[in-house]
Amino acid sequence: MNNKSLKKYSPQSQGGFGESGSSSSVLGGIKLSIKIKIILVTILPLIIGILTIEEITRNNLHDNEVKELKIFREKLMIEKRTQIKQNVQIALASVTNYVSQLDTTEEARKEIAFDIIRSMRYGDDGYMFAYDNQGICLVHGTKPELEGSSMWSLSDKNGVAF
């Protein structure tokens, strides 16, 4: 082999690291100057860092939204339970005070109390009901047909017992 063929296939002639005096190389068919290479080496990590921080921030925001929604729901449930307890206390006190003043039999007072409870409403769709210790519905504000029935076996639409 002669020197011409060696030079023709040497790394220097192909734009490799040993190239002297040249300020550009071939990368995938695109010639890049040293200036462009330096800019890419400095800006590319910056762009990757910014994108990484943006993704982390987005994930943190989502996690915070989920936590805040859970806290909001818990506070709302506590508030709703408190309102229901207050409504029941008011209803019980009102009915008890009223029927205790009636001069009639215990059974008649009980029936009058049940009639009052059936007619009570609160909020947009709230109603009163009462069960005994065995789960028997004593009075129901919207479904009087349930009165006298056992409610132990009732469950919601997902099959969770009340």
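Everything discussed here concerns the structure shown above.
Residues numbered from 1 in each chain as written. Predicted model: local features only at pLDDT ≥ 70, side-chain atom pairs only at ≥ 80, totals over all residues. Heavy atoms only, no water.

1. Looking at helix 3 (residues 106-119)
For an α-helix, 3.6 residues make a turn, and residues three or four places apart therefore share a direction.
Here is step 1 of the chain: Here helix 3 contains 14 residues, and its C-alpha end-to-end distance of 20 Å stays within 8% of the 20 Å for a straight helix at 1.5 Å per residue.
Here is step 2 of the chain: Listed as buried for helix 3 are Ala113, Phe114, Ile117 and Arg118. For helix 3, the angular spread of the buried residues around the axis is 135°, confining them to a single face.
Here is step 3 of the chain: Buried-residue contacts for helix 3 involve helix 2 (34-100), strand 3 (121-122), strand 5 (129-131) and strand 6 (137-140). (Helix = DSSP H or I, 4+ residues; strand = E, 2+ residues; numbered from the N terminus. Expected span 1.5 Å × (residues − 1). Buried < 20%, exposed > 50% of the residue type's maximum accessible area, 1.4 Å probe, protein only. Arc of directions from axis to C-beta. Contact = heavy atoms within 4.5 Å.)

2. Re the environment of leucine 138
Here is step 1 of the chain: With respect to the secondary-structure elements, leucine 138 resides in strand 6.
Here is step 2 of the chain: Given a relative accessible area of 31%, leucine 138 falls into the partly exposed group.
Here is step 3 of the chain: Through-space distance from the C-alpha of leucine 138 to that of phenylalanine 114 is 7.9 Å; in sequence the pair is 24 residues apart.
Here is step 4 of the chain: Once residues within four sequence positions are removed from consideration, leucine 138 is found in contact with Phe114, Ala130, Tyr131, Asp132 and Glu147.

3. Observations regarding the pattern of salt bridges
Here is step 1 of the chain: Within this structure, the stated rule accounts for six salt bridges.
Here is step 2 of the chain: For the salt bridge of glutamate 106 with arginine 109, the shortest nitrogen-to-oxygen distance reads 2.9 Å. With glutamate 106 and arginine 109 both in helix 3 and three residues apart, the pair spans about one turn of that helix.
Here is step 3 of the chain: The exposed category is assigned to glutamate 106, whose relative accessible area is 56%.
Here is step 4 of the chain: When its relative accessible area of 21% is taken as the criterion, arginine 109 is described as partly exposed. (Salt bridge = Lys/Arg side-chain N within 4 Å of Asp/Glu carboxyl O.)

4. Examining a nonpolar patch on the surface
Here is step 1 of the chain: A grouping of Ile36, Ile39, Leu40, Ile43, Ile47 and Leu51 is seen on the molecular surface, where their side chains present a nonpolar patch of about 490 Å² in accessible area.
Here is step 2 of the chain: In this structure isoleucine 47 comes out as partly exposed when scored by relative accessible area, which is 40%. (Patch = residues over 30% accessible without salt bridge, like charges linked within 9 Å, V, L, I, M, F, W, Y side chains within 5 Å. Areas by Shrake-Rupley, 256 points an atom, 1.4 Å probe, with all protein chains shown as cover.)

5. Regarding the side chain of histidine 140
Here is step 1 of the chain: Looking at the secondary structure, you find histidine 140 in strand 6.
Here is step 2 of the chain: A distance of 3.2 Å separates the side chain of histidine 140 from the backbone nitrogen of threonine 142, its partner in a polar contact. (Polar contact = N/O pair within 3.5 Å; in protein donor to acceptor, adjacent residues only side chain to side chain.)

6. Some details on the nonpolar core
Here is step 1 of the chain: With nine residues, the main nonpolar core is built from Ala91, Val95, Val99, Ala113, Phe114, Ile117, Met120, Met128 and Val139.
Here is step 2 of the chain: When residues of this core are traced back to their parent elements, those giving at least two are helix 2 and helix 3.
Here is step 3 of the chain: Excluding residues that lie within four positions of it along the chain, methionine 120 makes contacts with Ala91, Val95, Gly126, Tyr127 and Met128. (Core = buried A, V, L, I, M, F, W, Y, C linked by side-chain atoms within 4.5 Å.)

7. Topic: the packing of aromatic side chains
Here is step 1 of the chain: Under the defined criterion, the tally for this structure stands at two aromatic pairs.
Here is step 2 of the chain: Between tyrosine 127 and phenylalanine 129, the aromatic rings sit 6.1 Å apart at their centres with planes inclined by 50°, giving tilted as the arrangement.
Here is step 3 of the chain: Taking the centre distance of 5.2 Å and the plane angle of 40° together, the rings of phenylalanine 129 and tyrosine 131 count as tilted. (Phe/Tyr/Trp six-rings, centres within 6.5 Å; stacked < 30°, edge-to-face > 60°.)

8. Some remarks on the packing of helix 2 against helix 3
Here is step 1 of the chain: Orientation of helix 2 relative to helix 3, taken along the N-to-C sense of each, is 145°, at an axis distance of 10 Å. In the packing of helix 2 onto helix 3, the handedness of the crossing is right-handed. For the pair formed by helix 2 and helix 3, the contact residues are Val95, Tyr98 and Val99 on the first element and Arg109, Ile112, Ala113, Ile116 and Ile117 on the second.
Here is step 2 of the chain: Tallied by class, residues from the contact of helix 2 with helix 3 come to seven nonpolar, no polar and one charged. (Axes fitted to C-alpha atoms, helices over the stretch in contact; angles between N-to-C directions. Left-handed = near helix turned anticlockwise from the far one by under 90°. Nonpolar A, V, L, I, M, F, W, Y, C, P; charged D, E, K, R; others polar.)

9. Considering the pairing of strand 6
Here is step 1 of the chain: With three bridges joining them, strand 5 and strand 6 adopt antiparallel strand pairing. Within strand 6, the position partnered with tyrosine 131 by the bridge is cysteine 137.
Here is step 2 of the chain: Hairpin remark: strand 5 followed by strand 6, antiparallel, with five residues in the connecting loop; positive phi at glycine 135, about 80°. (Pairing = 2+ DSSP bridges.)

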